[in-house]
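Structural overview
The lines below spell out each chain.
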Amino acid sequence: TLICAHGDGVIQAWALHAPEQPSEPPDFSAEMLASAPPEVGALELYDAARRVERASPALRARLRWELRLDAKLTACDSWRGGGELRVLLGGSQGEVFWLELGRRRVPRARRLGALGSGVVLARLSPRGERAATACRDHRVAVWRPREQVSTDTSTGAWRVLDDSGGEVWALVVAPATPSGTS
């Protein structure tokens, strides 16, 4: 699967195959979508009746689904493990989104919060359970989207460093320690 996050807020999932490969993943059903609608955005499923394909001599791709968020995306990071894919997305107005994908599951998307200025960097921890974002205003936020923790009421982030001292060019999120801190 190839996940493409476009600047206009569209996220697409493409099934990739060699041109001669006959098998394709099963389509999501309308019942699956009805049982788990996205918290944010509009999700559109592409089945055999609405097939969108692209091909080259070395690769065949079929569009499986498309999620449209009401945001201009400016930063993205992803993590894959244990049959799951997690995607952290940042927007030009400071929006932060979380997307979780699993085998034969409709993607789950939610808005984590928003910061005061556009997100320029988004990073996930090595195990994909924590995240950090940096903004144009030099603020850095730490997010814990898979945990029930108290958050900053104005942003939705777990913790916010109000002034990192300058423009942030790189972020690395260390794994959590046994005491729960990074």
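Here the structure is shown first, and the text comes after it.
What this report covers is the structure whose coordinates are included nearby.

The rules behind each value
- Residues numbered from 1 in each chain as written.
- Predicted model: local features only at pLDDT ≥ 70, side-chain atom pairs only at ≥ 80, totals over all residues.
- Heavy atoms only, no water.
- Helix = DSSP H or I, 4+ residues; strand = E, 2+ residues; numbered from the N terminus.
- Contact = heavy atoms within 4.5 Å.
- Pairing = 2+ DSSP bridges.
- Axes fitted to C-alpha atoms, helices over the stretch in contact; angles between N-to-C directions.

1. A look at the environment of Gly 128
Looking at the element boundaries, Gly 128 is found in the loop between strand S10 (119-124) and strand S11 (131-135). If near-sequence neighbours (up to four positions away) are discounted, Gly 128 is found in contact with Trp 79, Arg 86, Trp 98 and Arg 146.

2. Examining the pairing of strand S12 (residues 140-143)
Here S11 pairs with S12 via 4 bridges, running antiparallel. Across the sheet, the residue bridging to Ala 131 is Trp 143, located in S12. Adjacent in sequence and paired antiparallel, S11 and S12 are bridged by 4 residues, among which His 138 carries a positive phi angle near 75°. Where S12 lies against strand S13 (residues 159-161), 3 bridges are found, and the strand directions are antiparallel. For Ala 141, the partnering residue across the bridge sits in S13 and is Val 160.

3. Concerning the sheet that holds strand S7 (residues 84-91)
With antiparallel pairing, the 4 strands of this open sheet are ordered in space as S6-S7-S8-S9. This sheet does not close on itself; its edge strands, each paired only once, are strand S6 (73-81) and strand S9 (108-114). Averaged over neighbouring strand pairs, the angle between their axes works out to 15° when direction is ignored. Alignment of S7 against strand S8 (residues 95-102), held across 7 bridges, turns out to be antiparallel. Each residue of the ladder has a partner; that of Glu 84, found in S8, is Gly 102.

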